[in-house]
Amino acid sequence: QQYFTSHQPLKGKKALVTAGPTQEPLDPVRYISNHSSGKMGIAIADALATAGADVTLVLGPTHLSATHPGVHTLRVVTAADMYNRSADHFAGSNIVVMAAAVADYRPKQVADIKIKKGAGDELTLELEKNTDILRTLGAQRPAGQVLVGFSLETNNEKEYALKKLHEKNLDLVVMNSLNDAGAGFNHDTNKVTLFDRQGNARELPLKSKKEVAEDIVKAITAMTGQQ
Ligand code: CTP
Ligand code: CA
């Protein structure tokens, strides 16, 4: 904290952060979503702004918000909205951190009136895949951009994290394990491991999401060539 308030290594840099869940509507009163609160991604947006960056935060539905005045927040609901807003800012960003828990699928049909309970005991929903925002934009990243993704898993965490690092063309992947006590949804703390393309792995101890965000921003700062 002290380090960033006295020294703004990311001054003049533009950053894009995605955070929070997405909600995929089924009808006017129902949706499919997940347990993300957006806390980790919001902490990263605040930490990037504290380090001097001009930050655009594309934020899914959550009651939380960024506190730093250098964070410009665009609120979105669906994965499609999140993709569109992110695409608007992607090419012009020096730093991109995609921390959102994007719904992988959306209902194929969205009813415009409330779906009524039928006579039968079962209901089958048909889902279709959402665009993978990080993979799609990562395939067209501008030279010199630092691109960071997240990986949240319950099993084979390291293998899947490295797969995402390479397949999504990332510089850094932040691995979260739901098996670690104090990590994951709705906690104020997190335990993560950072993997880079050079094959370095850095396991951070359990700490507050704010401190984890500062560590991630320091790693990003080093990758932009700033001190
Ligand atoms: N992501 C994204 N758009 C999607 C899905 C994921 O931008 N439609 C991003 C997330 O923000 C995260 C990274 O991709 O930075 C990994 O997300 P994750 O859900 O862990 O992995 P997936 O690639 O979706 O694969 P799976 O859920 O099957 O593990
Ligand atoms: Ca997913």
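Residues numbered from 1 in each chain as written. Chains lettered and ligands numbered in written order. Predicted model: local features only at pLDDT ≥ 70, side-chain atom pairs only at ≥ 80, totals over all residues. Heavy atoms only, no water.

Within an unreviewed UniProt entry, the label attached to the protein reads Coenzyme A biosynthesis bifunctional protein CoaBC, and the organism entered is Chitinophaga silvisoli.

This paragraph deals with the coordination of the calcium ion (ligand 2). In the first shell of the calcium ion (ligand 2), the protein supplies Asp104 (OD) and Asp104 (OD), at 2.4 to 2.6 Å from the metal. Looking at the element boundaries, Asp104 is found in the loop between strand 6 (95-98) and strand 7 (105-107). (Donors = N, O, S within 2.8 Å, 3.2 Å for Na, K, Ca; no water. Helix = DSSP H or I, 4+ residues; strand = E, 2+ residues; numbered from the N terminus.)

What follows deals with the pairing of strand 9 (residues 146-153). The buried fraction of strand 9 is high, at 7 of 8 residues. Pairing of strand 6 with strand 9, which is carried by 4 bridges, proceeds in the parallel orientation. Each bridged residue has a counterpart across the sheet, and for Met98 the counterpart in strand 9 is Gly149. Judged from the 6 bridges that link them, strand 9 and strand 10 (residues 172-177) form a sheet pairing that is parallel. When the sheet's bridge partners are listed, Phe150 is paired in strand 10 with Val174. In the classification by handedness, the crossover that spans strand 9, the intervening helix 5 (residues 157-167) and the parallel strand 10 is right-handed. (Buried < 20%, exposed > 50% of the residue type's maximum accessible area, 1.4 Å probe, protein only. Pairing = 2+ DSSP bridges. Right-handed = clockwise from strand over helix to strand, strands pointing away.)

Here we come to the site of ligand 1. In the neighbourhood of ligand 1, 15 residues make up the surrounding shell, with Met98, Ala100, Leu134, Lys164 and Lys168 lying closest. With respect to ligand 1, the backbone of Ala100 contributes an N or O atom lying 2.7 Å from an oxygen atom. Surface burial for ligand 1 is 76%, taken as the share of its 570 Å² of free accessible area covered by protein chains. Contributing elements (two or more residues each) for the shell around ligand 1: helix 4 (133-138) and strand 9. (Near = heavy atom within 4 Å. Polar contact = N/O pair within 3.5 Å; in protein donor to acceptor, adjacent residues only side chain to side chain. Areas by Shrake-Rupley, 256 points an atom, 1.4 Å probe, with all protein chains shown as cover.)

Attention now goes to the side chain of Lys13. As for its position among the elements, Lys13 is in the loop between helix 1 (2-6) and strand 1 (14-19). No salt bridge forms around the buried Lys13; measuring N to O, its nearest opposite-charge neighbour Asp171 is 12 Å away. Discounting chain neighbours no more than four positions away, the residues touching Lys13 are Ala53, Asp54, Asn94, Ile95, Thr224 and Gln226. (Lys, Arg positive; Asp, Glu negative; His and termini not counted. Salt bridge = Lys/Arg side-chain N within 4 Å of Asp/Glu carboxyl O. Contact = heavy atoms within 4.5 Å.)

Turning our eyes to something else, we now look at helix 3 (residues 79-90). Here helix 3 contains 12 residues, and its C-alpha end-to-end distance of 16 Å stays within 8% of the 16 Å for a straight helix at 1.5 Å per residue. Buried residues of helix 3: Ala79, Met82, Ser86 and Phe90, and no others. In a view along the axis of helix 3, the buried residues occupy a sector of 65 degrees, so they form one face of it. Buried residues along helix 3 sit against strand 1, strand 2 (24-27), strand 4 (54-59), strand 6, helix 4 and strand 9. (Expected span 1.5 Å × (residues − 1). Arc of directions from axis to C-beta.)

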